[in-house]
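Inside the fold
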Amino acid sequence: MVKRSYVREIAIVALLSAASTAGRLALAAMPGVQPTTVIVIITTMSLGLKQGIFVVIISTLLSNVYLGHGPWTLFQILAWTVVAVISHFYGRSQFRENLFISSLFAGLTGIIYGMVVSIYGLQFHSNIIAYYLMGLPHDISHAIGNFVIYLVLGGRLHQLLNEFAQKYFCRN
C-alpha cells in the first residue's frame, strides 16, 4: 500500500513539472525567459533536492517534446540539476528568506545554467570561450527573466511550498 504522503509528493512534483512545462512553452517566443529555473530553485529549497531533480527531469523531457529533443536535452538536465544542487545549499543559508537577494541568486543561476549547457559546444567548437560568449546575450536574458520571475512570483510560491512541506512532510 502506498503511503498517503508519497501520493501527495508525486502530485506536487507533477503539478510543478506541469507548471514549468506550460510556462516554458508559453514563453518560448522570448529567448531565455522561462519559469523552469525559478520553479526548480523554489522546489529544491522547499521540498528537497530529490523533488527538485524530479521536476528538472520531468519538465525538461516533457517541454522538449514540443521544443525539440536532441543531445542538448542531456545538457539541459545536467545544467538544471546543477542549479538544483546549488539551490539546495543556498536554501540552507540565512539569505533564503530575503526576496531581493533570492531574486539575485535566481539571476545568477541563469548564468550558471548557460555555462553548463555550453559544455555541449565542446563537441563542435575548439574555443569554448568564444562559443560561450556567443551565447552570453541569451544567458543574460535568462538571468534577467529569472530575476523578474522570482521577484514577482518567487516569494508566494516559496511560501506555498513551505506550508505544503510543513503540513505534509514535517519539513521546515
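Our subject is the structure listed above.
Residues numbered from 1 in each chain as written. Predicted model: local features only at pLDDT ≥ 70, side-chain atom pairs only at ≥ 80, totals over all residues. Heavy atoms only, no water.

**Quick notes on the pattern of salt bridges**
Worth spelling out the cut-off: Salt bridge, as used here: a side-chain nitrogen of Lys or Arg that lies within 4 Å of a carboxyl oxygen of Asp or Glu. Counting from the N terminus, the helices are DSSP H or I runs at least four residues long and the strands are E runs at least two residues long.
For the structure on display, the rule yields two salt bridges. The partner of Lys50 in a salt bridge is Glu9, with the nearest N and O atoms 3.6 Å apart. Taken as a pair, Lys50 in helix H3 (residues 49–67) and Glu9 in helix H1 (residues 4–26) lie far apart in primary sequence, 41 residues in all.

**As for helix H5 (residues 99–117)**
The line we're drawing: Every helix has an expected span of 1.5 Å times one less than the residues it contains. Accessibility here uses a 1.4 Å probe with only protein chains present; expressed as a share of the type maximum, an area under 20% marks a residue as buried, one over 50% as exposed, and anything in between as partly exposed. Any two residues whose heavy atoms approach within 4.5 Å are treated as being in contact.
Helix length check: H5 (19 residues) gives 27 Å between terminal C-alpha atoms against 27 Å at 1.5 Å per residue, within 8%. For H5, the full list of buried residues reads Ser102, Ser103, Phe105, Ala106, Gly107, Thr109, Gly110, Ile112, Tyr113, Gly114, Val116 and Val117. Buried residues along H5 sit in contact with helix H2 (36–47), helix H4 (72–90) and helix H6 (128–169).

**Brief notes about a nonpolar patch on the surface**
Heads up, the condition is: Residues forming no salt bridge and having over 30% relative accessible area are the ones grouped into patches, like charges within 9 Å of each other and nonpolar side chains (Val, Leu, Ile, Met, Phe, Trp, Tyr) within 5 Å. Shrake-Rupley sampling with a 1.4 Å probe provides the accessible areas, and residues are treated as covered by the protein chains on show and by no other component.
Together, Leu99, Phe100, Leu104, Ile140, Ile144, Val148, Leu151, Val152 and Leu153 make up a nonpolar patch on the protein surface, roughly 800 Å² of accessible area in all. Residue assignment for the nonpolar patch shows that the elements contributing at least two residues are H5 and H6. The leading source of residues in the nonpolar patch is H6, at six residues. Note on placement: Ile140 falls in helix H6. The class for Ile140 is partly exposed, based on a relative accessible area of 40%.

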